[in-house]
Amino acid sequence: GPPEVLVPGTRPMPTPGPGEVLIEVAAAGVNRPDVFQRLGNYAPPPGASDIPGLEVAGTVVALGPEVAAQKIGDKVCALLTGGGYASHAVAAAALCLPVPKGFDFVEAAALPETFFTVWHNLFERGRLKRGESTLIHGGTSGIGTTAIQLARAFGATVYATARGADKVKACVGLGCVRAIDYASEDFVDAIAKATGGRGVDVVLDMVGGDYLARSMACLAVEGRYVSIAHLKGARTEIDIRAMMVKRLTLTGSTLRPRSVAEKAAIAAGLRERVWPVLESGEVKPVIFRTLPLAQAAEAHRLMEGGSHIGKIMLTL
């Protein structure tokens, strides 16, 4: 239903199972999948909490069996399959990461969903390397602001699309060499001009629909297109010849339904490669607004309104 269906309630205290911890939640991130779940379009995977919320930060207050990596009192942020909009949440111990040095709980809670998604898709699936270039669609979303900063930090040239002068300016401020207002410019033409006709090496797309074919036109020879959402639709048509001539790779992924082991592998990469960049201050999550948990409905209204730049957060 509409945002108003999100109201405070009381549930039994969750109990951590084998390989899990119980976190006393200090802050939780709001993400687009939460909106889809509220609308009835994105059911939690089997066994997951039906409470929204895919990322939290807080303090470990209980350990399930077979947990060795955490101890009670640890300050962590965690990727969840659900249950984050609550005072306490159960998380797989393997998907808990330490709060980065210098970060508060709100900043830490803004990390898991977007950083897991961007690291896996842009750098592991998209194979973005130093010296290459990338186009990030939706540059001022939580995913977009993360992708721009990480791509820049790891030595890539970054382009992005956004709507309106303020959002274009924000993208440039985060590290884009060129941000394109898709409401007034054709991003295919703009990328062609900006790259001297070469195109970019990787496109990260959360729009879908006709953006797939247009993004293919933006790619250089041996380019990689990575899909993480389909806000404009899950079906479209492409010119297979264009894919063949440029030797393109088209790929994509989901995160929430994947196994703990698969997500733990992503977490290990983040701990090794990304956490040092966060602790150096080179990359930091962009927080648009923070609201108390009781105002989760207002947080969803903000998300659906589309005026935000960066993350919307809830605090306990």
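Quantities reported herein were computed from a predicted structural model and do not represent experimental measurements. (Residues numbered from 1 in each chain as written. Predicted model: local features only at pLDDT ≥ 70, side-chain atom pairs only at ≥ 80, totals over all residues. Heavy atoms only, no water.)

(A) Fine view of the overall build of the chain. Secondary structure summary: the chain contains ten helices and 13 strands in total. Each principal axis of the C-alpha atoms in the chain carries an extent, and together these give about 55 × 40 × 35 Å. A buried classification covers 53% of the 316 residues belonging to the chain. If you take every contact in the chain between residues at least 6 apart in sequence, the share linking residues at least 24 apart comes to 69%. Just so you have it, the chain exposes about 13,600 Å², and 55% of that area is on carbon and sulfur atoms. (Helix = DSSP H or I, 4+ residues; strand = E, 2+ residues; numbered from the N terminus. Buried < 20%, exposed > 50% of the residue type's maximum accessible area, 1.4 Å probe, protein only. Contact = heavy atoms within 4.5 Å. Areas by Shrake-Rupley, 256 points an atom, 1.4 Å probe, with all protein chains shown as cover.)

(B) Expanded view of the pattern of salt bridges. Counted by the stated rule, this structure contains 17 salt bridges. Between R11 and D50 there is a salt bridge, with the nearest N and O atoms lying 3.0 Å from each other. Of the two residues, R11 is situated in the segment before β1 (20–30) and D50 in the loop between α1 (32–38) and β2 (55–63); the sequence distance between them amounts to 39 residues. A salt bridge links E304 to R38, with the nearest nitrogen and oxygen atoms 3.1 Å apart. Pair noted here: E304 is in helix α10 (residues 296–305) and R38 is in helix α1, with a separation of 266 residues, a long-range link. Judged by relative accessible area, which is 35%, E304 ranks as partly exposed. (Salt bridge = Lys/Arg side-chain N within 4 Å of Asp/Glu carboxyl O.)

(C) A look at the sheet that holds strand β8 (residues 178–181). Pairing is parallel in the open sheet, where six strands are placed in the order β8-β7-β6-β9-β10-β11. Each end of this open sheet is capped by a strand with a single partner; those strands are β8 and β11 (249–252). Averaged over neighbouring strand pairs, the angle between their axes works out to 15 degrees when direction is ignored. As defined by bridge partners, strand β6 (residues 133–136) adjoins strand β7 (residues 157–162) across four bridges and the pair is classed as parallel. Of the residues in β7, the one forming a bridge with I136 is A160. Packed onto the sheet, helix α7 (residues 211–218) meets β6, β9 (200–205), β10 (219–227) and β11 and runs at close to 150 degrees relative to β10. (Pairing = 2+ DSSP bridges. Axes fitted to C-alpha atoms, helices over the stretch in contact; angles between N-to-C directions.)

(D) Quick peek at α7. Three or more residues of α7 are buried, namely Y211, L212, S215, M216 and C218. Seen end-on, α7 carries its buried residues on one side only, within an arc spanning 155 degrees. For α7, the elements touching its buried residues are β6, α6 (187–194), β9, β10, α8 (240–246) and β11. (Arc of directions from axis to C-beta.)

(E) Up close: the nonpolar core. One finds F116, L122 and V274 to be the most contacted residues of the largest nonpolar core, which totals 69 residues. Counting residues per element, this core draws most heavily on helix α9 (residues 260–279), at seven residues. Not counting residues within four places of it along the chain, the set of residues in contact with F116 comprises L79, L95, L97, L111, L255, K263, I266, A267 and L270. (Core = buried A, V, L, I, M, F, W, Y, C linked by side-chain atoms within 4.5 Å.)

(F) Region of the structure containing the side chain of T59. Of note, T59 is situated in strand β2. Looking at T59, its side chain comes within polar contact range of the side chain of K75, at 3.0 Å. In this view, T59 contacts L22, I23, E24, G73, D74, K75 and F105; residues no more than four positions away in its chain are not counted. (Polar contact = N/O pair within 3.5 Å; in protein donor to acceptor, adjacent residues only side chain to side chain.)

(G) Quick look at unusual backbone geometry. The residue R127 is not glycine, and still its phi comes out positive at about 55 degrees. The residue R127 is located in the loop between α3 (112–125) and β6 in this model. On the basis of relative accessibility, which here comes to 40%, the residue R127 falls in the partly exposed class. Here R247, not a glycine, exhibits a phi torsion of approximately 55 degrees, which is positive. Residue position: R247 is located in the loop between α8 and β11. Assessed through its relative accessible area of 47%, R247 is described here as partly exposed.

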